[in-house]
Amino acid sequence: MSRKITASLFISLDGVVEAPDQWHFPYFNDEMGAAVSAGMNSTEILLFGRRTYDSFVGAWPEREAAGGQEAGFAKQLGDMRKIVFSRRQLDLPWRNSEQASGDVAEVAAALRSEPGGDISLSGSVSVVRQLLTAGLLDELHLLVHPVAVRKGMRLFDEGEPSIPLKLLTSETFATGVLNLVYGPDTAPPTGGYEEAVATLGE
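The rules we used
Residues numbered from 1 in each chain as written. Predicted model: local features only at pLDDT ≥ 70, side-chain atom pairs only at ≥ 80, totals over all residues. Heavy atoms only, no water. Pairing = 2+ DSSP bridges. Helix = DSSP H or I, 4+ residues; strand = E, 2+ residues; numbered from the N terminus. 1 Å grid on protein atoms, 1.4 Å probe; cavity = no way out; pocket = protein on both sides within 12 Å on 5 of 7 lines; lining within 4 Å. Points joined across faces, edges and corners; volume = space filled by probe spheres on them. Nonpolar A, V, L, I, M, F, W, Y, C, P; charged D, E, K, R; others polar. Axes fitted to C-alpha atoms, helices over the stretch in contact; angles between N-to-C directions. Contact = heavy atoms within 4.5 Å. Buried < 20%, exposed > 50% of the residue type's maximum accessible area, 1.4 Å probe, protein only.

A.B. asks: How would you summarise the pairing of strand β7 (residues 165-172) if you had to cite specific residues and measurements?
C.D. replies: With 7 bridges connecting them, β7 and strand β8 (residues 178-184) associate as antiparallel partners. Bridge pairing links Leu165 to Pro184 in β8. What sits between the antiparallel neighbours β7 and β8 is a turn of 5 residues, in which Gly176 has the positive phi angle 95°.

Structure representation (structure tokens):
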């Protein structure tokens, strides 16, 4: 059985995924913590874009070393194999880190075909976009926050063709955050304006 590739993102109501540290934390609670941790339990490999990797390196190794309540999760991240995509040669100080030797689609397809634990992304929007376009993302986990950030990069940029998705599960947290899980829709709805008008007339 092939591995599953899963991406998880904090996202605002207006689709912003950039700099969640500036708007996400007021909505963090035990429900969200459990959802984030659960997504890592079957993960063996983490994929990163350079910026997301740098942000993780700036936080998690230090938290592991500090030995506080986040140390266990920090160690779990540190122990995983981490693959980073970048066009320039990187210095990767976090243990078990390596730079990808090919483009996103090529590397992800090869990893996905191998046996083993799942492959996950947290953030790394550019990598998520490329996986979606290549049809290699099995699950897209969106934690939709009830706030319109009104500035910053959106998850979905302009491009062709469209990417049909199917809602797999949904959950509402006490904070109003929606925990939505989407997968590829291999048989999206069809029809057009005429069908919609006919339905309204029934």
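A.B. asks: Which residues make up the layout of surface pockets, and what values do they have?
C.D. replies: Space inside the second largest pocket adds up to approximately 270 Å³. Classifying every residue of the lining of the second largest pocket by side-chain character gives 5 nonpolar, 3 polar and 4 charged.

A.B. asks: I'd love a proper account of the sheet that holds strand β6 (residues 139-145), names of residues and values included.
C.D. replies: Here 8 strands make up an open sheet; going across it, the order is β4-β3-β2-β5-β1-β6-β8-β7 and the pairing mixed. At either margin of the open sheet sits one strand with a lone partner, and together these are β4 (97-99) and β7. Strand-to-strand, the axes of this sheet are offset by a mean angle of 25°, without reference to chain direction. Pairing of strand β3 (residues 81-85) with β4 involves 3 bridges; the strand directions are parallel. Considered in β4, the bridge of Val84 is made with Gln99. Those strands touched by helix α6 (residues 125-134) are β1 (5-12), β2 (43-49), β3, β5 (118-122), β6 and β7, and its axis lies near 125° from that of β1.

A.B. asks: I'd like a description of the pairing of β5, backed by residues and values.
C.D. replies: With respect to burial, β5 is a largely interior element, 4 of its 5 residues being buried. Sheet analysis places β1 next to β5, joined by 4 bridges and oriented parallel. When the sheet's bridge partners are listed, Ile5 is paired in β5 with Ile119. One ladder, built from 4 bridges, connects β2 with β5; its direction is parallel. Following the sheet pairing, Leu47 is matched in β5 by Leu121.

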